[in-house]
Amino acid sequence: MKNNVEALKQKLLEGEMERGLVAIVGMGGLGKTTLAKKIYDDRDVQRHFDGDRAWVSVSQRFSIRELLLGIAHCVVTTLEEKQKHELGNHELGQEVYKSLQGKRYLIVLDDVWNTDVWRGLSSYLPAESNKRSRVLITTRNEQIAVDARSDYYKLQVLDKDKSWELFLNKVGSAAATWAGLEEFREGIVAKCKGLPLAIVVLGGLLSLKDLRLDSWRKVLKSMDWHLSQGPHSCLGILALSYNDLPSYLKPCFLYCGVFPEDSEIKASKLIILWIAEGFIQKRGKETLEETAEDYSSELIQRSMIQVAYTSVDRRVKSCRMHDLLRDLAISEGKEEKLFEVDENIDVINGLPTSVRRLIINTHHQITSSPHLQNSNLRSLILNILPTSEGGDVILIQKCPKLLRVLHVNAMQTQSYFYLDLSRKMRELIHLKYLCLSGFCGMIIRLPPSIEGLVNLQTLDSGNRILRQSMRERWVYGHLDFDKMTNLQKLYLWSGDWLKDVNLNLGKLTGLKQLKLREINPRSLEGLFQSVSQLTGLQNLKLMTNESLSVKEVEYCRTMLLSPIGLKSFSRHNYLCKLFLGVPIRGLPAETTLYLPNLIQLKLYKTRLEEDPMPVLGRLPNLRILILLWNSYVGEKMKCPQGGFLVLEFLQMQALNRLEDFSIEETATPNLKTLKIELCDKITRFPDGLLRLEKLQRLNLYEVPQELMNVVSDTPTLFLRV
């Protein structure tokens, strides 16, 4: 890996001054994505491409719009996400071009299968002659690299010594020092044939086996049988690793195959789906979520799924599935009758009635899938894939009554889809999980009430897909929760139903997560009275409308400081995550407000005029503090002496008026990461920063050059940037 990294870094950091295209070429399982990620995260590369960087996964089914949105998400800071999704393809491309112009940038296009990818994107990536910008692609097809006139690097299989070194890293220190290990060296290296994916998957499997000769011999004997079934050693080892999974892990692994190719799978959503599908069984005193998190950790340990991103508290935030493992999951999922993909079902001999879970991936019009006539169907996952064409219609007139999971995901698309769920939804009394997520181009027709969904545990309205029907019936009308006592997770756009001070939202005493968007300031009183009754909440997110009048801002500030505002949180002893996006002048100093178990706090457009640090510094368990987009509008901010004793992560983004930030002695003694982004008035070195012995990373982005110069001249800090 080290030699490959250095060779590719040389291609990226040196050479011609013009925009250059570099390609990593190699067969599946060679580690192209892993190598590209290693380079993308390299500190030398980050410092060199000080303009902008973006990573986009391409896959076989792609659209130029999807790729532009992925790049725009990383580099376009002048528009909010909603505005980006409302732009046409050309306008979006122009915004990307303007954001990159004059900068030295790096764009990674991972898993390219088609020459049309580069042809469609190249005009939106500035080709200035003096910036040495680079585009890095990974592909299995050497011809793609040749056609794009790239400087390509052909990845080779690992030699015997490197293969063994990688295996030892994966199998763990105990096995690596085991006296009996040498017996298996030659066989393992030969069977994996230098393919990193095969090596780490086999290492993950053996890392969980007892250090006994008979245990390892049994695994390798089984591997010989799998390899005899076909010429591809990697596929045989993957099949062996699947067959070795404990029975409780097999459906969890296979289920990962329902997500689109190369997609980033949100860990929290995956866990919720596993639970809704009935894959997670109660284990002692653990919650189902804790058990499911252990399951995902074991799949990661076995290298059956890969970590994509971790959160600031080092927990897995999202994961991915390698293409070859996804192919295995789909094949085995069909064999085990766990799920079917719509286009793979042969209906010549009649519709199969054994299908329990159906995945429909579509670009096109569906009037009514014939598979919905299957009365045994338990789960329906509808992925509306990116397309530049419009006017598609998805009409689901009939949903089987035994349905437990209904997940509709409109991916990054410019099309307008009409989704009709109005006729039979109220009959879905077994439904546990309902998610309608995606982007602007969806119009939904829904029933007037969902009170019949008595077993519903998760209701997720997703992003901006709520059109007139949902707003009129669920938002502007009366949302009846009386009978939905099993609801644990509610993600919804708020509405007039929040104004009712006797709102039955407060009756959902089992609610653990509540996320409400677009809150009308006049609804705050009813909302806070309801929230005060939800003392079991663990995760709470509240956001008002993006554009508030001066009068509405003042109303919010008055309401939050009233006895029924923030003070209503005083009994929330289980709340560990809070996202507050409601204007407030200052934080109340009363100790009764303090949330004893709050671990993570995000403030967004709160427009605080008073320095929040003296109050927040007293939160006893606060480890993560994120201040976003004018959450504080003052000029000075100070971490007080003795404050933030357990804080590990502090991020300040777009605090446009902040000039002076300081850390007093004995404050933030455990701070490990400090991020300062888009704060264009901080020009001097933050006082007290050099005293932080545990600080490991200092991330600076779009800050004044004066601040960068000071950091560059301070070697002990520069090494952490």
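Calculation notes
Sequence positions are assigned chain by chain, starting from 1 and proceeding in written order. Given that this is a predicted model, residues contribute local features only at a pLDDT of at least 70 and side-chain atom pairs are listed and counted only at 80 or more, while totals for whole chains, interfaces and linings are drawn from all residues. Calculated side-chain values reflect all of the structure's heavy atoms, with hydrogen atoms and water omitted. The secondary structure listing takes helices from DSSP runs of H or I that are at least 4 residues long and strands from runs of E that are at least 2 residues long, numbered from the N terminus. Only protein chains enter the calculation, and the probe is 1.4 Å; a residue is then buried if its accessible area is under 20% of its type maximum, exposed if over 50%, and partly exposed in between. Any two residues having at least one pair of non-hydrogen atoms within 4.5 Å are treated as being in contact. Take a side-chain nitrogen of Lys or Arg and a carboxyl oxygen of Asp or Glu: if they are within 4 Å of each other, that pair is a salt bridge. What a helix should span is 1.5 Å times the count of its residues minus one. Directions from the helix axis toward the C-beta atoms define the arc. Each Phe, Tyr or Trp ring, with Trp reduced to its six-membered ring, pairs with another whose centre is within 6.5 Å; inter-plane angles below 30 degrees give stacked pairs, above 60 give edge-to-face pairs, and intermediate values give tilted ones. By the criterion adopted, a ring carries a charge over it if an Arg CZ or a Lys NZ lies within 6 Å of its centre and within 35 degrees of its normal. Paired strands, as defined in this entry, are two strands with at least two bridges between them according to DSSP. In this analysis an axis means a line fitted to C-alpha atoms, helices contributing only their contacting stretch, and an angle means the value between N-to-C directions, from 0 to 180 degrees. Throughout, a crossing is termed right-handed when the near helix is turned clockwise from the far one, and left-handed when it is turned anticlockwise from it by less than a right angle. The residue classification treats Ala, Val, Leu, Ile, Met, Phe, Trp, Tyr, Cys and Pro as nonpolar and Asp, Glu, Lys and Arg as charged. All others, Gly included, are polar. When two cysteine sulfur atoms are found within 2.5 Å, that pair is recorded as a disulfide. What qualifies as a polar contact is a pair of N or O atoms within 3.5 Å, subject to a donor-acceptor requirement within protein and to the restriction that residues adjacent in sequence count only when both atoms come from side chains.

Trainee: Quick one: what's the story with the side chain of Thr673, residue by residue and with numbers?
Mentor: Here Thr673 is to be found in strand E27 (residues 673–677). A relative accessible area of 15% means that Thr673 is categorised as buried. Those residues in contact with Thr673, other than ones at most four positions away along the chain, are Glu648, Phe649, Leu650, Leu695 and Arg697.

Trainee: Quick rundown of the pattern of salt bridges? Include the residues and the values.
Mentor: By the definition in use, this model includes 35 salt bridges. Notably, a salt bridge pairs Lys9 with Glu6, separated by 3.9 Å at the nearest N-O pair. Residue Lys9 and its partner Glu6 are both found in helix H1 (residues 2–13); the two are separated by three residues, about one turn of the helix. In this structure Lys9 comes out as buried when scored by relative accessible area, which is 8%. Here Glu6 falls in the partly exposed class, since its relative accessible area comes to 43%. Among the ionic pairs, Arg314 bridges to Glu648, the shortest N-O distance being 3.7 Å. Here Glu648 lies in the loop between strand E24 (636–639) and strand E25 (649–653) and Arg314 lies in the loop between strand E7 (306–310) and strand E8 (316–320), a separation of 334 residues in the sequence. Accessibility expressed as a relative area gives 54% for Arg314, which makes it exposed.

Trainee: Kindly report on H1, identifying the contributing residues and their values.
Mentor: Between its terminal C-alpha atoms H1 stretches 16 Å, which fits the 16 Å expected from twelve residues at 1.5 Å a residue. Within H1, the full set of buried residues consists of Asn4, Val5, Leu8, Lys9, Leu12 and Leu13. The buried side chains of H1 occupy one side of the element, clustering within an arc of 145° when seen end-on. Buried residues along H1 sit in contact with strand E1 (20–25), helix H2 (32–40), helix H3 (43–48), strand E3 (105–112), strand E4 (134–139) and strand E5 (151–154). In the stretch just after H1, Gly15 is the one whose phi turns positive, near 85°.

Trainee: Which residues make up the packing of aromatic side chains, and what values go with them?
Mentor: Using the criterion set out here, one finds eleven aromatic pairs in the structure. Between Tyr40 and Trp55 the ring centres are 5.5 Å apart and the planes differ by 75°, which places this aromatic pair in the edge-to-face class. One end of the pair, Tyr40, is in helix H2; the other, Trp55, is in strand E2 (residues 52–57), and 15 residues separate them in sequence. On the accessibility criterion, Trp55 (12% relative accessible area) is buried. Grouped by ring-pair contacts, the aromatic residues Trp164, Phe167, Trp178, Phe184 and Trp216 constitute a single cluster. The ring of Trp55 has Lys37 sitting right over it, with the charged end atom 6.0 Å from the ring centre. Against the face of Tyr242 rests Lys250, its NZ or CZ located 5.3 Å from the ring centre.

Trainee: Go over unusual backbone geometry with me, naming the residues and quoting the values.
Mentor: Positioned with a positive phi, Lys605 is a non-glycine residue whose angle comes to about 50°. Tracing the chain through its elements places Lys605 in the loop between strand E22 (600–604) and helix H22 (613–616). Located in the positive-phi region is Thr668, a residue other than glycine, with phi close to 45°. By the element assignment, Thr668 lies in the loop between strand E26 (660–663) and E27. What makes Thr668 buried here is its relative accessible area of 0%.

Trainee: Describe the sheet that holds E3, listing the residues and the values that go with them.
Mentor: The sheet built from five strands is open, its strands ordered E2-E3-E4-E1-E5 with parallel pairing. Of all strands in the sheet, those bounded by a partner on one side alone are E2 and E5. In this sheet, neighbouring strand axes are inclined to one another by 15° on average, regardless of whether the strands run parallel or antiparallel. The pairing of E1 with E4 spans six bridges and is classified as parallel. Looking at E4, one finds that Val22 is bridged to Leu136. This element, H1, spans E1, E3, E4 and E5 of the sheet and lies at about 180° to E5. In the packing of helix H4 (residues 64–75) onto the sheet, contacts are made with E2 and E3, and the angle to E2 comes to roughly 145°.

Trainee: Run through the packing of H4 against helix H6 (residues 89–100), naming residues and quoting values.
Mentor: Relative orientation of the contacting elements H4 and H6 amounts to 35°, with a least axis distance of 10 Å. As H4 runs across H6, the sense of the crossing is left-handed. Seen from H4, the contacting residues are Arg65, Leu68, Leu69, Ile71, Ala72 and Val75; seen from H6, they are Asn89, Leu92, Gly93, Val96, Ser99 and Leu100. Grouping the amino acids of the contact of H4 with H6 by side-chain chemistry returns eight nonpolar, three polar and one charged.

Trainee: Explain the sheet that holds E7 residue by residue, including any values.
Mentor: Strand order in this open sheet of three strands is E6-E8-E7, and the pairing throughout is antiparallel. Lying at the two open borders of the sheet, with one neighbouring strand each, are strand E6 (265–266) and E7. Sheet topology places E6 next to E8; two bridges connect them, and they run antiparallel. Counted as the bridge partner of Lys266 is Ser318 from E8.

Trainee: Help me get a handle on the state of the cysteines, residues and values and all.
Mentor: Following the criterion strictly, the structure yields zero disulfides and no others. Not part of a disulfide, Cys256 finds its nearest cysteine sulfur in Cys319, a span of 5.9 Å.

Trainee: Report on the side chain of Glu277, specifying residues and quantitative values.
Mentor: Here Glu277 shows up in helix H16 (residues 267–277). For Glu277, the side chain forms a polar contact with the side chain of Ser379, separated by 2.7 Å. Once residues within four sequence positions are removed from consideration, Glu277 is found in contact with Tyr255, Arg357, Ser379, Arg404 and Val405.

Remember that the coordinates give geometry; whether it matters functionally is a separate question.
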